[in-house]
Amino acid sequence: MTKAQLEVLFGYNESVGRECPLVWKVDRPRSKAGTPLVFHVDARGYCMAVFSHAIFGRRPDGRLERQGDLVHRLVALMNSQHQKLPPLMVVDHIDGDRSNNLAGNLRVVTRKQNSNNKRVRVSGTSQYRRVHRRSGRKKNPWHVELVVDCKRIYVGVFSSEKEAAIAADQYLVDLLGVEGVIRECRQLNFPEMYGIDVTQG
């Protein structure tokens, strides 16, 4: 679906919910303009909108052709400068929350940039990015390891989890610079220490 088609059919309205902030612009047989899109959450946790409308034509049996797409892709395309999302580009959730599909939380990035912004999985080690706990180690149990350009970089060990997280941020900023961190979509543990406003993407 192109941006032009989206703009004919849908409007953006944050008040209907962050999961699917889209409403119909046109009257439909069972609902009127202003009605929110119906969506469901798929097995991966993404919000999926499925809809049918005369603009898509009809099937051989006479029923309206059904169309659907991931909500975050629809919202990102509506707020982009492109008629279609560029090839080899993906839509990234800035805060890592797949249910937050507000325009300010989405950006079009490369797959590499998207992988740099993967949500942290807390598996009994640490709540911070790039920080891990070494089991069986009482002194300095927290260690920091980064992956940059497919290479592992060992930073060091620390006595406290937060100290390790601050060191991880500092090393990454020293290595890439603040602009490089933003350009590569690397999320810091404490972005406010470097004047980075995460709400602006």
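Look up a bit, the structure's there.
The following refers to the structure shown. Predicted, not measured: the structure shown is a model, and the values here were computed from it.

How each quantity is defined
Residues numbered from 1 in each chain as written. Predicted model: local features only at pLDDT ≥ 70, side-chain atom pairs only at ≥ 80, totals over all residues. Heavy atoms only, no water. Salt bridge = Lys/Arg side-chain N within 4 Å of Asp/Glu carboxyl O. Pairing = 2+ DSSP bridges. Helix = DSSP H or I, 4+ residues; strand = E, 2+ residues; numbered from the N terminus. Axes fitted to C-alpha atoms, helices over the stretch in contact; angles between N-to-C directions. Polar contact = N/O pair within 3.5 Å; in protein donor to acceptor, adjacent residues only side chain to side chain. Phe/Tyr/Trp six-rings, centres within 6.5 Å; stacked < 30°, edge-to-face > 60°. Buried < 20%, exposed > 50% of the residue type's maximum accessible area, 1.4 Å probe, protein only.

We now examine the pattern of salt bridges. Taken as a whole and judged by the stated rule, the model has five salt bridges. Measuring nitrogen to oxygen at the nearest pair gives 3.4 Å for the salt bridge that ties Arg44 to Asp42. Put simply, Arg152 and Glu145 hold a salt bridge, and the shortest N to O gap is 2.7 Å.

This paragraph deals with the sheet that holds strand β10 (residues 151–158). Read from one edge of the open sheet, three strands run β8-β9-β10, paired in antiparallel fashion. Because the sheet does not close on itself, it has two edges, and the strands there are β8 (131–133) and β10. For this sheet, the mean inter-axis angle between neighbouring strands, taken without regard to orientation, is 30°. Across seven bridges, strand β9 (residues 142–148) lies against β10 in antiparallel orientation.

Relative to the helices and strands, Asp97 is located in the loop between β6 (89–93) and β7 (106–110). At a separation of 2.8 Å, a polar atom in the side chain of Asp97 contacts the side chain of Ser99.

Within the structure shown, the criterion is met by two aromatic pairs. Judged by centre distance (5.5 Å) and plane angle (45°), the ring pair of Tyr128 and Phe190 falls under tilted. Residue Tyr128 is located in the loop between α3 (111–116) and β8, and its partner Phe190 is located in the segment after α4 (161–183); the two are separated by 62 residues in the primary sequence. The buried category is assigned to Tyr128, whose relative accessible area is 16%.

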